[in-house]
Amino acid sequence: MTESTPFPDGFLWGGATAANQIEGAFDEGGKGLSIQDVLPRGILEPRTPAPTSDNLKQTAIDFYHRYADDIALFAEMGFTVFRFSIAWSRIFPNGDDEHPNEDGLAFYDRVLDELERHGIEPLVTISHYETPLAIADRFDGWISRKVIGLFERYVRVLFSRYGHRVRYWLTFNEINSVLHAPFMSGGINTPVAELSKTQLYQAIHHELVASALATKIGHETNPDIRVGCMVLGVPVYPLTPDPADVLAALETDHANLMFSDVHVRGRYPGYAQRYFRDHGIELEVTAADRELLAEHTVDFVSFSYYMSVCETADPAKRIAREGNLMGGVANPHLAESAWGWQIDPGGLRVILNQFWDRWNKPLFIVENGLGAHDDLVDGPDGPTVVDDYRIAYLNDHLVQVGEAIRDGVDVLGYCTWGPIDLVSASTAQMSKRYGFIHVDRSDDGTGTLTRTRKKSFHWYADVIASNGATLEARSDGCGVRSASDEPRSPW
Ligand code: BGP
């Protein structure tokens, strides 16, 4: 850290993606189907019985064939980390195959070669909303304990193949999202209306045990490996100071925090045990499960951050908002994106402090970004997108990361979501764009897939080159004040 920037030397700067949202080549190289192949409209509509050709993810942005050029663009921005996921169905096309698919493994060797060539640290998500479809169809996803064994087989292959060249691993993307999207997040085929709480929490328990098992195998493979959990990070504010609202916010918080509490502390917290008792949830938890959870806790906590939500105990005030899976009650103080996601840079500082105070584990922001409509225009140096709105969003969030670092929070790094335009998870659109790099593809599937640098591309390159010194604390950027104009001090 220097006077001009709070970001420590070695802070990891980069971007994050998921296989199903970028790779395409859905049936190439021996790949099997995944649950994403039957979600052509994202999570908002139910799955289809079989794959349909209107699914943009079948081609996505063709990273499978264009990875070398895309990684070169990331390197041009100065990335020091790139988060991507491995498609489980590329490695085990049917989920329970006896041997892994060598073509699938070789693809990720090539991706890692390219990252190494550019000195970019890989950050690998083992399971990012892309469970092999056969596991959903034959076992009802994570409801079945058998899936722990299938996951173990997959994880052992990944660590033995890549464990000496990948240091940072994440087990399940946004593991707490299974509460809101059981099929996408947990491969659970049973419709939500028929899914009992016991089934849902049994599936969650199996994922938590599988995550601990992956941590164990990672550490045994290579003691330098660092395994993190990955949660949907959402600060929950009471809608009003009414103590009933404060308690409602605490309960929503608990429902989310339980996942990282188990990952970090190695056991179910008291409030979770009470919830299970109060709701007649009886889980099958073996002595071996308990031991795995207790002994193989994570090295760091990673999370996505897009928004905060409000909570209230008053049903009349529950005005729902579209949101990143969690929805939530609208906050009257915040603006929102074109997709109704409320924008709250200060919430990122809040959650960084909350997580640090709670667990004292290094934190990694592995997703943050603005989904927006972009227009390609002619600039002095050729086509571009003048995405000042994206620059403002990212600037203001990064300023808050800096504030949290000044607060003493240990932050390993920051990845924007979708450094290159990709297919949206919730709506399966191309037009919901996050990237620094524009990809010529429309929602109807037309387009040349040409890559074009946006204005934000050059902005992020400067941020990285200066290790954050070029970030600007803007007056409307939320909650950044100098000590002299502090309006009040609680100290
Ligand atoms: C997170 C997912 C990502 C990503 C992001 C943005 O929940 O981990 O896969 O897609 O949200 O969401 P969306 O694509 O729906 O805009």
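Participant: I would appreciate a short explanation of the overall build of the protein chain in the present structure.
Facilitator: Helix and strand counts for the protein chain come out as 14 helices and 14 strands. Rg of the C-alpha trace for the protein chain: 22 Å, near the compact-globule value of 23 Å for 491 residues, within the 12% margin. Principal-axis analysis of the C-alpha atoms places the extent of the protein chain at approximately 60 × 55 × 45 Å. Of the contacts formed within the protein chain by residues at least 6 apart in sequence, a portion of 76% connects residues at least 24 apart. Carbon and sulfur atoms make up 51% of the accessible area of the protein chain, which amounts to about 19300 Å² in all. The protein chain carries 43 positive and 69 negative side-chain charges, and their two centres are separated by 3 Å.

Participant: Honestly, the packing of helix 12 (residues 345-359) against helix 13 (residues 388-406) in this entry has me stumped. Any pointers?
Facilitator: Two quantities define a packed helix pair, namely the angle between the axes and the distance from one axis to the other. Contact geometry of helix 12 with helix 13 gives a least axis separation of 8 Å together with a crossing angle of 30 degrees. Between helix 12 and helix 13, the angle falls in the class roughly parallel. Crossing of helix 12 over helix 13 shows right-handed handedness. Taking contact as the criterion, the partners of Pro-345, Gly-346, Leu-348, Arg-349, Leu-352 and Asn-353 in helix 12 are, on helix 13, Asp-396, His-397, Gln-400, Val-401, Glu-403 and Ala-404. For the contact of helix 12 with helix 13, the residue count by class is five nonpolar, four polar and three charged.

Participant: Would you take a moment to explain the pairing of strand 9 (residues 363-367) for this structure?
Facilitator: On a regular strand, each side chain points to the face opposite its neighbour's, so the side chains alternate between the two faces of the sheet. Where burial is concerned, most of strand 9 is hidden: five out of the five residues are buried. Bridge count between strand 7 (residues 300-305) and strand 9: four bridges; the pairing is parallel. When the sheet's bridge partners are listed, Ser-304 is paired in strand 9 with Glu-367. Sheet analysis places strand 9 next to strand 12 (residues 411-417), joined by three bridges and oriented parallel. Bridge pairing links Phe-364 to Gly-413 in strand 12.

Participant: Is there a simple way to think about the pattern of salt bridges in this case?
Facilitator: Taken as a whole and assessed by the stated rule, the structure comprises 32 salt bridges. Here Asp-137 ties to Arg-47 by a salt bridge, and the two come within 2.8 Å at their closest N and O atoms. Remark: Arg-47 occurs in the loop between helix 1 (19-22) and helix 2 (63-76) and Asp-137 occurs in helix 5 (residues 133-139); sequence separation between them is 90 residues.

Calculation criteria
- Residues numbered from 1 in each chain as written.
- Predicted model: local features only at pLDDT ≥ 70, side-chain atom pairs only at ≥ 80, totals over all residues.
- Heavy atoms only, no water.
- Helix = DSSP H or I, 4+ residues; strand = E, 2+ residues; numbered from the N terminus.
- Rg over C-alpha atoms; globule rule 2.2 N^0.38 Å.
- Contact = heavy atoms within 4.5 Å.
- Areas by Shrake-Rupley, 256 points an atom, 1.4 Å probe, with all protein chains shown as cover.
- Lys, Arg positive; Asp, Glu negative; His and termini not counted.
- Charge placed at Lys NZ, Arg CZ, Asp CG, Glu CD.
- Axes fitted to C-alpha atoms, helices over the stretch in contact; angles between N-to-C directions.
- Parallel < 35°, antiparallel > 145°, perpendicular 65-115°, else oblique.
- Left-handed = near helix turned anticlockwise from the far one by under 90°.
- Nonpolar A, V, L, I, M, F, W, Y, C, P; charged D, E, K, R; others polar.
- Buried < 20%, exposed > 50% of the residue type's maximum accessible area, 1.4 Å probe, protein only.
- Pairing = 2+ DSSP bridges.
- Salt bridge = Lys/Arg side-chain N within 4 Å of Asp/Glu carboxyl O.

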